[in-house]
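Below, each chain spelled out in residue letters.
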Amino acid sequence: MLHRLVIICITGFWVAMTSLLVVRELYPESTRLNAVPPGYVGQLVFQHEQTSELQIFISGKDAGSLHIQPRTIADSGHRVIEFDGRVRLTLPGGQQQRIVWTGSFEMSRSLAPERLHLDLSTPEPGQHTDILVDFPARKATLGAKVGNQVMSDTTFTLDEKGFDTLMGRAGVDPMMLRQLKASQSEIPQFDFSAQSSSLVIRGQKMETFLLVLRAGGQSLFEAQLSQLGQVLSAQAPALGWKFTPSDFTR
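Just so you know, these numbers come straight off a predicted model, no measurement behind them. Each chain has its residues counted from 1, following the order in which its sequence is written. Restriction of local features to residues with pLDDT of at least 70 applies here, the model being predicted, together with a cutoff of 80 or more for giving and counting side-chain atom pairs; totals for whole chains, interfaces and linings are based on all residues. In computing side-chain values, all of the structure's heavy atoms are included and hydrogens and water are not.

Draft legend 1. Expanded view of the overall build of the protein. The secondary structure content of the protein amounts to 4 helices and 14 strands. Scored against the burial criterion, the 250 residues of the protein give a buried share of 38%. Summarising the internal contacts of the protein: among those between residues at least 6 apart in sequence, 40% fall at separations of at least 24. Per element, the accessible surface of the protein, about 14,600 Å² overall, is 56% carbon and sulfur. Strands here mean DSSP runs of E at least two residues long; helices mean DSSP runs of H or I at least four residues long; both are numbered from the N terminus. Accessibility here uses a 1.4 Å probe with only protein chains present; expressed as a share of the type maximum, an area under 20% marks a residue as buried, one over 50% as exposed, and anything in between as partly exposed. A contact between two residues is defined here by any heavy atoms of the two lying within 4.5 Å. Surface accessibility follows the Shrake-Rupley procedure with a 1.4 Å probe radius. Residue values consider only the protein chains on display as shielding.

Draft legend 2. Structural view of the pairing of strand β8 (residues 139–146). With 8 bridges joining them, strand β7 (residues 127–134) and β8 adopt antiparallel strand pairing. Opposite His128, over in β8, you have Lys145 as the bridge partner. Pairing geometry for β8 and strand β9 (residues 149–157), over 8 bridges, is antiparallel. Among the inter-strand pairings, Lys145 is bridged to a residue of β9, identified as Val150. Two strands pair if DSSP finds at least two bridges between them. Linking β8 to β9, which pair antiparallel, is a turn of 2 residues; within it Gly147 sits at a positive phi near 65 degrees.

Draft legend 3. Representation of the pattern of salt bridges. Put simply, a salt bridge is a Lys or Arg side-chain nitrogen that is within 4 Å of an Asp or Glu carboxyl oxygen. Tallied over the entire structure, the rule returns 3 salt bridges. One salt bridge connects Arg71 with Glu82, and the closest N-O pair in it is separated by 2.7 Å. Taken as a pair, Arg71 in strand β3 (residues 61–72) and Glu82 in strand β4 (residues 79–90) lie far apart in primary sequence, 11 residues in all. A salt bridge links Arg115 to Glu114; the shortest N-O distance between them is 3.7 Å. Judged by relative accessible area, which is 32%, Arg115 ranks as partly exposed. Connected through salt bridges with shared partners, the residues Glu106, Glu114 and Arg115 form a single ionic network.

Draft legend 4. Just the packing of aromatic side chains, in detail. Between rings of Phe, Tyr and Trp, where Trp is taken as its six-membered ring, a pair exists when centres lie within 6.5 Å; planes separated by under 30 degrees are stacked, by over 60 edge-to-face, and by other angles tilted. All chains considered together, the criterion is met by 4 aromatic pairs. Where Tyr40 meets Phe209, the ring centres are 6.0 Å apart and the plane angle is 80 degrees; that geometry is what we call edge-to-face. Within this pair, whereas Tyr40 is found in helix α2 (residues 38–48), its partner Phe209 is found in strand β11 (residues 204–215), the two being separated by 169 residues in sequence. Residue class for Tyr40 comes out partly exposed when judged on its relative accessible area of 47%. Between Phe105 and Phe135 the ring centres are 6.0 Å apart and the planes differ by 70 degrees, which places this aromatic pair in the edge-to-face class. In this pair, Phe105 is assigned in strand β5 (residues 96–107) and Phe135 in the loop between β7 and β8, connecting sequence segments 30 residues apart.

Draft legend 5. Quick look at the environment of Met206. Looking at the secondary structure, you find Met206 in strand β11. For Met206, a relative accessible area of 30% translates into the label partly exposed. Spatially, the C-alpha atoms of Met206 and Leu225 are 10.0 Å apart, while their sequence positions differ by 19 residues. Dropping the residues within four chain positions of it, Met206 is found in contact with Ser197, Ser198, Leu199, Ile201 and Leu232.

Draft legend 6. Structural context of the nonpolar core. Among the buried residues, those of types Ala, Val, Leu, Ile, Met, Phe, Trp, Tyr and Cys that are joined through side-chain atoms within 4.5 Å form a nonpolar core. Membership of the largest hydrophobic core comes to 32 residues, with the highest contact counts inside it found for Ile56, Leu66, Val87, Trp101 and Trp241. Excluding residues that lie within four positions of it along the chain, Trp101 makes contacts with Ile56, Ser65, Leu66, Phe83, Asp84, Gly85, Arg86, Val87, Leu118, Asp119 and Leu120.

Draft legend 7. Structural view of α2. Inspection of α2 places Val41, Gly42, Leu44, Val45 and Phe46 among the buried residues, and these make up the whole buried set. Glu49 lies just past α2 and shows a positive phi near 50 degrees.

Draft legend 8. Examining the environment of Ala137 more closely. Inspection of the secondary structure assignment puts Ala137 in the loop between β7 and β8. In sequence terms Ala137 and Thr157 are 20 residues apart; their C-alpha atoms lie 8.5 Å from each other.

Draft legend 9. Structural context of the side chain of Ser52. By the element assignment, Ser52 lies in strand β2 (residues 52–58). Residue Ser52 is classed as buried on the basis of its relative accessible area, which comes to 2%. Here the side chain of Ser52 touches Val231 through a polar contact of 3.0 Å, landing on its backbone nitrogen. Pairs of N or O atoms are called polar contacts if they sit within 3.5 Å, as long as, within protein, a hydrogen donor faces a hydrogen acceptor (for residues adjacent in sequence, only side-chain-to-side-chain pairs).

Spelled out as structure tokens, the structure:
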């Protein structure tokens, strides 16, 4: 079911972090040049509220699309990034699975994370997985249903205990979980950075901002943004995903 696929992805992420720690020790990251405060780039994004329409490519093949819309709530000044899209995945055994999502990421006026809401669904047989993360409370809920029937509803904390709870609900063997945790000497630290960069598009050089999310010193996600905050290029190296503006693929 879809919610099990989500849990498997979370487990895979946990395993990947162990490998990233080794990579960090063998290949320490180089000195960052032209660094700028990520908050400065964030302010530009919400100042101009540019829409990004992206095509998703997996291993070079067109696999879906992603729509991103930042906006500011007039009354409170809070910031919201709304997104929706679809992707076609190839599962083990060659089976094709189409997943559709919609969600929002809410931040305070100072860009501190507050809530993440993500709804994942598959057209057949009508499965839905709803994820809600409350960052100030350090809690999250993961619910799943088929049609109108609720199949599961799990609340867990955003720490090691919460991870154990989630894995237990997924049926992960306790012994396997203990071995996995024992292989990790520490929890990888996430690092989000920004720097001035440039990108050549259709033979023309454009000044950009490069945003990078790292864990254990290894890049998880990179995005090139225009001076107005529109996404011009992005990639998730660990997944083999690349994101290209729809206009550039025509």
